[in-house]
Amino acid sequence: MTLTLARPLARAALRTARSVPVRASSTSSAAPRAVPRTARLLAAAALGAGATFLALSEPAAAEAPPHAKASAGSIATGGKISLAQLAKHSHSKSLWIAIDGKVYDVTDFLDRHPGGSKILAENGGKDVSKLFHSIHPPTTFDKYIRPDQYVGQLDEESLYTLSKETSEEEQRIQATRDAMFGINSVVSLSDLERLAEAVVPRHAWAYYSTGADTEAALGENANAFKRVYFRPRTMRDVSNTDTSTTVLGVKSSIPVYISPTARNGMGHPEGEAAVARGAGEAGILQVLSHFASKSLDEVKAAAKDGQQVGYQLYLQPDREQSAEAVREAVKNGAHSIWLTVDTTILGKRETERRILAQELSPAPHGQPLNRAPLDYGMSEPKMTWDDIAWIRSLAPGLPVVIKGIGAWEDVVLAYQKGADAVVLSNHGGRQLDFAQPPLKTLYDVHQHAPDTLHQPNFSVFLDGGIRHGTDVLKALCLGAKAVGLGRPAIHAVSAYGSEGVEKMIMILQEEIDIGMKLLGVTSVDQLGPEYLDTSKL
Ligand code: HEM
Ligand SMILES: Cc1cc2nc3c(=O)[nH]c(=O)nc-3n(C[C@H](O)[C@H](O)[C@H](O)COP(=O)(O)O)c2cc1C
């Protein structure tokens, strides 16, 4: 396996983490331990090669699933299966995988797997429990796998072997976690980011952190805030400030919500459920991704009574599939539907591709030349403005939010087509590189379509690059009703679970409060463009 990039990255992660809340006295234990070659290879096996996930669920000698009894003997051996037997079924004519100690024949699922046949083929003949659970909500399984695909259970020895398997990456992560300072040493969102980089698996960090192409859009999202200055007013009584507001009718402790991000389970076993707990404690709205690691059902179960969770949809070419997803979200109590519209095709995410390609294709010579296929997996390229009415008809009474607007003209269209809100966003710089920073789009709205910012039944939100309370204040001064946090929430949950999310919101609340007092305002509705100098934007 080629580790040329892996090791420096892991070391860099540890270095940066030590400069923030990692106990100095434990630094020696934070160094990756020497790991036998076999363990490295096993680690490599987890994702075709190379990638491993944070321990999520130990393969358990659990009782056979209910459908097993019906199917026992149909394909099957009926008896218990060893890892060696499992490994023999690793080709497209007979493809078995083990999940939580149970073995399934997925040969006829290979070409239907929504995540692509390649990844499934590469993992045939293996235990894929950790990988499976970190990507798929539990409901996925029953939806796609028939009872007759159950082959049998892994034998005791195999289960024991699997339970003892700890990859080099898992050891590195555990050592880093052991060396972390307590949560109260975290003082900023960037502290959480550095910690997350140190404690999530390498491929997960590649996925979370990547932008598209040159990553100019990613960088500019945050930089744009640095080009806007405050014009603070003074000699006003600011002894009592109120940072709260409402977001689509939901009371919110600060004008901030959690943007939808896929696969939170790669960074923390509780994933979006932990985000829900943190958001609930701190009193802000969470929007759950279409590709979340947890189902809306599970997230609602983790949430407080009455806590609201929005549901984000990627419209699929199979409209009935999308209709079903919306109906299910409504049934499970979604507060609102957030339709993402900046993903007609997946952006070219080079950082992520580079790392995965190195891990998946370690051989230096003799590889066939691959053309990366265009990935339409995330959305329907035929989507138009008229689809807003269709979505609305599927979720009567629920707010419909259009997420991923990059030009002021589209804000006007969304308003005219009956959306309840828009999110000015370039998907955190992961889609069209050089798409202008959302703060600039907001400025354009303020210049060209200011009326849309002052409608009682229409809200303009923004996400991308928010890392400080002052960023939140700048967006509100320009007319945004609230802002979304994408990566910061992932960093927070990856580093400290639900407490991390709560801490992140506490930090922002303090920063917003300090900023308001120093600006000379006592409530968020007093914020306006007169508090800004935008001449450098
Ligand atoms: C055998 C049972 C499996 C089923 C039923 C299944 C089902 C699915 C479904 C429905 C999706 C689409 C995601 C969504 O709509 O939420 C998906 C995506 C995916 N699956 Fe699987 N899958 C299985 C096994 C695996 C395995 C063994 C792997 C890897 C080793 C894997 C890796 C992926 C990946 C990487 C994606 C793309 C996720 C994304 O783009 O965010 N799947 N799978
Ligand atoms: C790892 C990751 C996964 C994301 N997944 C989704 C998603 O599933 N649906 C979606 O609408 N946006 C998704 N986004 C975009 C975010 O909702 C949001 O627009 C972006 O992260 C904001 O930028 P920020 O990360 O600088 O806060 C994702 C972003 C990241 C970083």
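Residues numbered from 1 in each chain as written. Chains lettered and ligands numbered in written order. Predicted model: local features only at pLDDT ≥ 70, side-chain atom pairs only at ≥ 80, totals over all residues. Heavy atoms only, no water.

The name an unreviewed UniProt entry assigns to the chain is (S)-mandelate dehydrogenase, mitochondrial, from the organism Vanrija pseudolonga. The Cofactor (unreviewed entry) comment attached to the chain in UniProt states, word for word, "FMN". (UniProt positions renumbered as here; feature names shortened; annotations may be inferred.)

*Asks:* In this structure, what is going on with the packing of helix α14 (residues 271-282) against helix α22 (residues 487-519)? I would like to understand it.
*Replies:* Packed helix pairs are specified by the crossing angle of their axes together with the interaxial distance, meaning the distance between the axes. Contact geometry of α14 with α22 gives a least axis separation of 7 Å together with a crossing angle of 20°. Taken together, the axis directions place α14 and α22 in an arrangement best described as roughly parallel. Pair α14 / α22 crosses with right-handed handedness. Across the interface between the two elements, G271, A274, V275, R277, G278, A279, E281 and A282 of α14 pack against V493, G497, S498, V501, E502 and I505 of α22. Looking at the contact of α14 with α22, its residues break down into seven nonpolar, four polar and three charged. (Axes fitted to C-alpha atoms, helices over the stretch in contact; angles between N-to-C directions. Helix = DSSP H or I, 4+ residues; strand = E, 2+ residues; numbered from the N terminus. Parallel < 35°, antiparallel > 145°, perpendicular 65-115°, else oblique. Left-handed = near helix turned anticlockwise from the far one by under 90°. Contact = heavy atoms within 4.5 Å. Nonpolar A, V, L, I, M, F, W, Y, C, P; charged D, E, K, R; others polar.)

*Asks:* Explain the coordination of the iron atom of ligand 1 here, please?
*Replies:* Any two of four tetrahedral donors ideally make an angle of 109.5 degrees at the metal, while pairs among six octahedral donors ideally make 90 or 180 degrees. Coordination of the iron atom of ligand 1 by the protein comes from H113 (NE2) and H136 (NE2), over a distance range of 2.0 Å. Angles of 85 to 179° at the metal separate the six donor atoms of the iron atom of ligand 1, which places the site in the octahedral class. One end of the pair, H113, is in the loop between β3 (102-105) and α6 (117-122); the other, H136, is in the loop between α7 (129-135) and α8 (139-144), with 23 residues separating them in the sequence. Across this residue pair, the class does not change: H113 and H136 are buried. (Donors = N, O, S within 2.8 Å, 3.2 Å for Na, K, Ca; no water. Tetrahedral: all angles 85-135°; square planar, octahedral: opposite > 155°, others 65-115°. Buried < 20%, exposed > 50% of the residue type's maximum accessible area, 1.4 Å probe, protein only.)

*Asks:* Even after reading the chapter, I still don't get the pattern of salt bridges, so can you show me in this structure?
*Replies:* Once the charged atoms of two side chains with opposite charge are near each other, the side chains can pair. Using the criterion set out here, one finds 22 salt bridges in the structure. One salt bridge in this structure joins D386 and K417, with 3.4 Å as the shortest N-O distance. Highlighted residues: D386 in the loop between α17 (350-360) and α18 (387-394) and K417 in the loop between α19 (408-416) and β14 (421-424), separated in sequence by 31 residues. Relative accessible area serves as the criterion here: at 53%, D386 is assigned to the exposed category. (Salt bridge = Lys/Arg side-chain N within 4 Å of Asp/Glu carboxyl O.)

*Asks:* Please explain the site of ligand 2 as it appears in this structure.
*Replies:* Around ligand 2, the structure places 24 residues, and the nearest of them are P260, S289, Y314, T340 and D463. Within the backbone of P260, a nitrogen or oxygen atom sits 2.7 Å from an oxygen atom of ligand 2. Contacts to ligand 2 include Q312, whose side-chain N or O atom sits 2.9 Å from a nitrogen atom. For ligand 2, whose unbound accessible area comes to 600 Å², protein coverage reaches 99%. No other element matches α22, which puts three residues into the shell around ligand 2. Partitioning the shell around ligand 2 into residue classes produces eight nonpolar, eleven polar and five charged. (Near = heavy atom within 4 Å. Polar contact = N/O pair within 3.5 Å; in protein donor to acceptor, adjacent residues only side chain to side chain. Areas by Shrake-Rupley, 256 points an atom, 1.4 Å probe, with all protein chains shown as cover.)

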